[in-house]
Amino acid sequence: MSDARPIRAALLSVYHKDRLAPLVATLRRLGVTLYSTGGTQKFLEEQGAEVIAVEDLTGFPEVFGGRVKTLHPKVFGGILHRRHEAGDLAQAEQHGIPPIDLVVVDLYPFEETVASGAAEQDVIEKIDIGGIALLRAAAKNYRDVLVISSREQYEAVTQLLDKTNGSPSIDDRRHYAAAAFQATSHYDTEIFKYVSQGTTLEAQVPTTSLRYGENPHQAGTFHGDLTALFDQLHGKQLSYNNLVDVDAAVQLMREFAGGPPAVAILKHTNACGVAQAATLEKAYINALACDPVSAFGGVIIVNQEVDLATAQELNKLFFEVLIAPGFAAEALPVLQSKKNRILLRQKPVAFPSKLVKTLLNGIIEQDADLQTETAADFRTVTRSAPTADETAALEFALKICKHTKSNTIVLARPGQLLASGVGQTSRVDALRQAIEKAGSFGFDLHGAVMASDAFFPFPDCVEIAAAAGVRAVVQPGGSIKDQDSIDACDRLGLAMVLTGVRHFKH
């Protein structure tokens, strides 16, 4: 017998109604019986759907200001009874319990209410009881029932129902059941964190076991609440190396928060492509052009919602992780077409102001590097000053330089990384690596700018950069031989600015 199960009846109870209309249209086309309550019922009827009120199904009205609506045997029996068990079927018939094959729930926005600073009573009223129970019941009985636990899933499920003519497979139902349990687990954790404040049960730092550490022979564990920072919308579990790269990506993209569309592609914590442009799609294309080879299997982060055009471009590349503040409904199915691709929706969160790591037989701690220099911090030390475009490019390059392993040299133009030399034991080697890499991907460095994470001990870097076409340089200064590099710039017609701030990264 086929593991596909036709959907003949659905229960919809959602807080947010946006994105729901196409799914409703598909359910109507398939002739699905619709059950609903309150505001959801009103929305469905406005879409032209015929709806059976849950209270008509149960014979019991909503009570206590809507706190109790769906908690009834005729609802949960319709979801939980096993279609392959003769005894369950007989009891359902005996008690007049019709089967419910699809449950669509969008939970009350508890986290958002807490974040808004609302009064305690308002927060408590946003603790969803019926919705959580419906999700768990439907997910438990995934053998017979399909469950939708987020409005992010509406588009994909609509396409699934269209494709299967309303009869999803057991694999489809299990996938969405797992997502539902993930949603309820996170929801309950957030409630616990809020209610436990000031009690002896106050939330402890959660621990997540990883598949392994940096290498397969090393065990790995993450101590922290990833769900506070990300909603994972798709893909496999994050690995140790994923987490290291994701952290580097998030810290780099903080430099571009609130600015024009920006994209960064990282590999082994270093940026192999960064760009800003008028659109996110163009920024991605420019970022990928920097090093399309290293981008393969990398981590990508953006500072704006991913739209369909950008998603279609991204989908051409194999990458491990994509991080974004949001995903357009029509973009998600495109990006979810690869089974293991990890999609993370980033949420606002306060980051630690201290960095800690184990060292020798103890730990070492330092302040996070939160300083970023802008044109206001630049001190021109050469006869010629950088132009407006060069200054913009220097600011852009310096942001990337700060987040790249030392010794590093970054070559850029306004809004685009051209190449970088990373993790070299000498600054000259870093520069030569960057120049060679830029050439290998077809970039002309004439008019480019150069950023260095630390001072130049000798004028050789300036001389090599000038020969490659670089026209402006930013560096912290501080060498006893700064003047040698300044004189070389003047002799070769380059502009140089000093910041007075070093950005080593190890």
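Predicted, not measured: the structure shown is a model, and the values here were computed from it.

Considering a nonpolar patch on the surface
Phase 1 of the analysis: Together, Leu359, Leu360 and Ile364 give the surface a local cluster of nonpolar side chains, amounting to about 330 Å² of exposed area.
Phase 2 of the analysis: As for its placement among the helices and strands, Ile364 is situated in strand β15 (residues 362–367).
Phase 3 of the analysis: Classification of Ile364 as partly exposed rests on a relative accessible area of 39%.

Digging into the sheet that holds strand β2 (residues 33–36)
Phase 1 of the analysis: With parallel pairing, the five strands of this open sheet are ordered in space as β3-β2-β1-β4-β5. Sheet topology places β3 (51–53) and β5 (146–148) at the edges, where each strand pairs with a single neighbour. Across the sheet, the axes of successive neighbouring strands diverge by a mean angle of 20°, strand direction being ignored.
Phase 2 of the analysis: Pairing analysis gives five bridges linking strand β1 (residues 9–14) to strand β4 (residues 102–106), with the strands arranged parallel. Paired with Leu12 across the two strands is Val104, which belongs to β4.

Here we look at the packing of helix α16 (residues 427–440) against helix α17 (residues 460–468)
Phase 1 of the analysis: Contact pair α16 / α17: the axes reach a minimum separation of 9 Å and the direction vectors enclose 10°. For the element pair α16 / α17, the angle class is roughly parallel. Along its contact with α16, which presents Arg427, Val428, Leu431, Arg432 and Ile435, the element α17 presents Asp460, Cys461, Ile464, Ala465 and Ala468.
Phase 2 of the analysis: Split into classes, the residues belonging to the contact of α16 with α17 amount to seven nonpolar, no polar and three charged.

Section: unusual backbone geometry
Phase 1 of the analysis: Across the junction of Ser406 and Asn407, the peptide omega takes the value -10°, indicating a cis bond.
Phase 2 of the analysis: Counting through the fold element by element, Asn407 comes out in the loop between α15 (388–402) and β17 (409–413).
Phase 3 of the analysis: Positive phi, normally seen in glycine, also occurs at Asn165, with a value near 55°.
Phase 4 of the analysis: Of note, Asn165 is situated in the loop between α9 (154–164) and α10 (170–195).
Phase 5 of the analysis: Positioned with a positive phi, Thr269 is a non-glycine residue whose angle comes to about 75°.
Phase 6 of the analysis: In this structure, Thr269 sits in the loop between β9 (262–267) and β10 (270–276).

Focus: the nonpolar core
Phase 1 of the analysis: Counting 41 residues, the largest nonpolar core has Val246, Val274, Ile301, Val321, Ile323 and Leu344 as the members making the most contacts within it.
Phase 2 of the analysis: Apart from residues no more than four positions distant in its own chain, Ile301 is found in contact with Ala249, Val250, Met253, Ala262, Val263, Ala264, Leu266, Ile323 and Gln346.

Some remarks on the pairing of strand β13 (residues 342–346)
Phase 1 of the analysis: Within β13, four of the five residues are buried, which leaves it mostly tucked inside the rest of the structure.
Phase 2 of the analysis: As paired strands, strand β8 (residues 230–234) and β13 are joined by four bridges and run antiparallel to one another. Among the inter-strand pairings, His234 is bridged to a residue of β13, identified as Leu343.
Phase 3 of the analysis: Of the strand pairs in this sheet, strand β12 (residues 321–324) and β13 are connected by four bridges, and their pairing is parallel. Paired with Leu322 across the strands is Leu343, a residue of β13.

About the thresholds
- Residues numbered from 1 in each chain as written.
- Predicted model: local features only at pLDDT ≥ 70, side-chain atom pairs only at ≥ 80, totals over all residues.
- Heavy atoms only, no water.
- Patch = residues over 30% accessible without salt bridge, like charges linked within 9 Å, V, L, I, M, F, W, Y side chains within 5 Å.
- Areas by Shrake-Rupley, 256 points an atom, 1.4 Å probe, with all protein chains shown as cover.
- Salt bridge = Lys/Arg side-chain N within 4 Å of Asp/Glu carboxyl O.
- Helix = DSSP H or I, 4+ residues; strand = E, 2+ residues; numbered from the N terminus.
- Buried < 20%, exposed > 50% of the residue type's maximum accessible area, 1.4 Å probe, protein only.
- Pairing = 2+ DSSP bridges.
- Axes fitted to C-alpha atoms, helices over the stretch in contact; angles between N-to-C directions.
- Parallel < 35°, antiparallel > 145°, perpendicular 65-115°, else oblique.
- Contact = heavy atoms within 4.5 Å.
- Nonpolar A, V, L, I, M, F, W, Y, C, P; charged D, E, K, R; others polar.
- Core = buried A, V, L, I, M, F, W, Y, C linked by side-chain atoms within 4.5 Å.

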